[in-house]
Amino acid sequence: MQLQQLRYFLAVAETRHFTRAAEAAHVAQPSLSQQIRSLERELGAELFHRTRGNIALTDAGDALLPLARRIIADTESARLAVQETVQLRRGRVRLGAPPSLCTSLVPDVLRVFRDRHPGVALAVREGGSRDLVRSLAAGELDLALIITPPSGEQAPALAVTGLLHEELVLVSAERRGRRKVRVAELRGRPLVMFREGYDVREATLAACRAAGFEPEFAVEGGEMDAVLGFVRAGIGAAVVPGMVAARSGLAVTQFVAPGLGRTIAVAHGHEVPLTRAAEALRTTLLAHLRDAARSGELPPGTRLLL
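Residues numbered from 1 in each chain as written. Predicted model: local features only at pLDDT ≥ 70, side-chain atom pairs only at ≥ 80, totals over all residues. Heavy atoms only, no water.

**Observations regarding the overall build of the chain**
Per the secondary structure count, the chain includes 11 helices and 13 strands. Against the compact-globule benchmark of 19 Å for 306 residues, the chain has a radius of gyration of 27 Å, which places it well outside the compact range. Dimensions of the chain, computed from the C-alpha atoms along their principal axes, are close to 80 × 40 × 35 Å. A total of 306 residues make up the chain; the buried ones form 43% of that total. Put simply, the chain shows about 16100 Å² of open surface, and 50% of that area lies on carbon and sulfur atoms. For the chain, the centre of its 39 positive side-chain charges and the centre of its 33 negative side-chain charges are spaced 4 Å apart. (Helix = DSSP H or I, 4+ residues; strand = E, 2+ residues; numbered from the N terminus. Rg over C-alpha atoms; globule rule 2.2 N^0.38 Å. Buried < 20%, exposed > 50% of the residue type's maximum accessible area, 1.4 Å probe, protein only. Areas by Shrake-Rupley, 256 points an atom, 1.4 Å probe, with all protein chains shown as cover. Lys, Arg positive; Asp, Glu negative; His and termini not counted. Charge placed at Lys NZ, Arg CZ, Asp CG, Glu CD.)

In structure tokens, the structure reads:
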């Protein structure tokens with residue numbers, strides 16, 4: 001039994017047509033048919049019912065189909081694993097992150113990683129932490145930066161490493177930020193508010209409600225860039241992560257203790273080992289954060305957890 005024969009078998013099983021299968025496999029139709037017959041002789045059973053205008057799997061073909069798919073998938077995994085051992089000249093990493101980190105932490109980390117491993121393809125997916133956790137569980141991402149829930153509970157299928165505790169701060173178009181404000185001072189102050197799904201929105205609403213009031217929205221429903229743009233235009237102030245505020249050029253005001261904050265973690269599937277490329281990106285991320293903490297480059301109120 002040869003791998004190419006299994007690939008031809010899968011092509012026929014998926015198209016239910018020998019000619020279309022041959023076209024999809026980039027092989028002459030007589031050659032494909034010959035290989036299928038050879039496979040049937042090897043297995044001692046017909047794999048297809050062949051009638052004019054109709055190709056259907058036999059019981060033997062039905063039994064072989066999931067096994068053939070698994071064999072071909074394992075072959076591709078082995079090929080990729082070998083390629084990745086060649087000094088990470090090839091490979092792919094699928095990284096997920098919330099929009100706030102895609103505009104602050106992620107660009108610096110990816111720049112360093114790209115300089116070291118230019119042959120590794122990078123794919124980034126922005127999304128809320130809950131959506132990213134689901135994508136990790138489905139095998140659609142290799143790594144994800146997530147905001148851990150206040151309860152600290154995580155999906156059991158994930159391996160989670162805490163990275164940073166980040167302070168949330170108030171940004172405005174004022175010439176300079178105040179020394180510090182209390183959450184209660186946001187009562188009646190027009191705020192630019194993120195769309196639903198942002199963890200910063202939920203944290204802001206929870207803090208205001210704990211202080212006994214509902215916040216007033218000047219504009220609601222923006223993404224990160226839009227929120228910062230509305231604040232620059234003087235429409236209102238906004239509560240944003242400290243790392244975003246440090247790059248915004250806006251006046252920054254911290255909250256009086258205990259303030260508002262969030263915990264950033266890196267996660268991956270617990271039962272699926274990281275590829276060498278994904279492990280290299282994770283190592284780059286941890287080293288970048290440690291270097292930033294040692295050199296004092298983390299914004300005020302941002303604390304390393306490693």
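**What about helix 2 (residues 18-25)?**
The α-helix winds at 3.6 residues per turn, so residues separated by three or four positions along the chain end up facing the same way. Of the residues making up helix 2, those classed as buried are Phe 18, Ala 21 and Ala 22. The buried residues of helix 2 occupy an angular sector of 100 degrees when projected down its axis, which confines them to one face. Set apart from the buried face of helix 2 by more than 90 degrees, the exposed residues are Glu 23 and Ala 24. Turning to helix 2, the residues buried within the fold contact helix 1 (3-15), helix 3 (29-43), strand 1 (48-51) and strand 2 (54-57). (Arc of directions from axis to C-beta. Contact = heavy atoms within 4.5 Å.)

**Here's the deal with a nonpolar patch on the surface**
On the surface, Leu 3, Leu 67 and Ile 71 cluster together to form a nonpolar patch covering roughly 220 Å² of accessible area. Counting through the fold element by element, Ile 71 comes out in helix 4 (residues 59-84). (Patch = residues over 30% accessible without salt bridge, like charges linked within 9 Å, V, L, I, M, F, W, Y side chains within 5 Å. Salt bridge = Lys/Arg side-chain N within 4 Å of Asp/Glu carboxyl O.)

**Description of the nonpolar core**
Judged by nonpolar contacts, the single largest core of 29 residues is most densely connected at Leu 101, Leu 105, Leu 145, Leu 163, Leu 281 and Leu 285. Elements with a contribution of two residues or more to this core: strand 3 (92-97), helix 5 (99-102), helix 6 (105-116), strand 5 (143-147), strand 6 (158-172), strand 12 (260-269) and helix 11 (276-294). It is helix 11 that contributes the most residues to this core, eight residues altogether. Counting 28 residues, the second largest nonpolar core, distinct from the first, contains Val 181, Val 183, Leu 191 and Ala 207. (Core = buried A, V, L, I, M, F, W, Y, C linked by side-chain atoms within 4.5 Å.)

**A few points about the packing of helix 2 against helix 3**
Between helix 2 and helix 3, the least distance of the axes is 9 Å, while the angle of their chain directions is 105 degrees. One way to sum up the angle between helix 2 and helix 3 is to call them roughly perpendicular. On helix 3, the residues that touch Phe 18, Thr 19, Ala 21 and Ala 22 of helix 2 are Gln 29, Leu 32, Ser 33 and Ile 36. (Axes fitted to C-alpha atoms, helices over the stretch in contact; angles between N-to-C directions. Parallel < 35°, antiparallel > 145°, perpendicular 65-115°, else oblique.)

**Focus: unusual backbone geometry**
Here the amide bond leading from Ala 257 into Pro 258 is cis, since omega sits at 5 degrees, within 30 degrees of zero. Residue position: Pro 258 is located in the loop between strand 11 (251-255) and strand 12. Although it is not a glycine, Arg 16 adopts a positive phi angle of roughly 55 degrees. Positionally, Arg 16 belongs in the loop between helix 1 and helix 2. Among the residues examined, Arg 16 registers a relative accessible area of 38% and is labelled partly exposed. At His 26, a residue that is not glycine, the phi angle is positive and equals roughly 55 degrees. Along the chain, His 26 turns up in the loop between helix 2 and helix 3.

**Here's the deal with the confidence of the model for the chain**
Scored by pLDDT, the chain has a mean of 89; 96% of the residues are at 70 or more. When pLDDT is averaged over each helix and strand of the chain, the minimum, 87, is found for helix 4 and the maximum, 95, for strand 5. (pLDDT = per-residue confidence, 0-100.)

**Re the pairing of strand 1**
With four bridges joining them, strand 1 and strand 2 adopt antiparallel strand pairing. Considered in strand 2, the bridge of Arg 50 is made with Ile 55. Connecting strand 1 to the antiparallel partner strand 2 that follows it, the hairpin turn spans two residues, and Gly 53 within it adopts a positive phi of roughly 75 degrees. (Pairing = 2+ DSSP bridges.)

**Side note on the environment of Gly 139**
Examined against the element boundaries, Gly 139 turns out to sit in the loop between helix 7 (129-137) and strand 5. A relative accessible area of 39% means that Gly 139 is categorised as partly exposed. On a C-alpha basis, the gap between Gly 139 and Ala 24 in space is 27 Å, while along the polypeptide they are 115 residues apart.

**Focus: the pattern of salt bridges**
Under the definition given, this model contains 14 salt bridges. Between Asp 142 and Arg 94 there is a salt bridge, and its shortest N-O distance comes to 3.0 Å. With Asp 142 in the loop between helix 7 and strand 5 and Arg 94 in strand 3, this pair connects stretches of sequence that are 48 residues apart. The residue Asp 199 makes a salt bridge to Arg 262 at a minimum N-O spacing of 3.2 Å. Within this pair, whereas Asp 199 is found in helix 8 (residues 199-210), its partner Arg 262 is found in strand 12, the two being separated by 63 residues in sequence. Given a relative accessible area of 24%, Asp 199 falls into the partly exposed group. Within this structure, Arg 7, Glu 76 and Arg 79 form a network of salt bridges that share partners.

**Some points on the packing of helix 1 against helix 3**
The contact between helix 1 and helix 3 brings their axes to 9 Å, and the two run at 110 degrees. Between helix 1 and helix 3, the interaxial angle falls into the category roughly perpendicular. Residue-level contacts link Gln 5, Leu 6, Tyr 8, Phe 9 and Val 12 of helix 1 to Leu 32, Gln 35, Ile 36, Ser 38 and Leu 39 of helix 3. Tallied by class, the residues present in the contact of helix 1 with helix 3 amount to seven nonpolar, three polar and no charged. (Nonpolar A, V, L, I, M, F, W, Y, C, P; charged D, E, K, R; others polar.)

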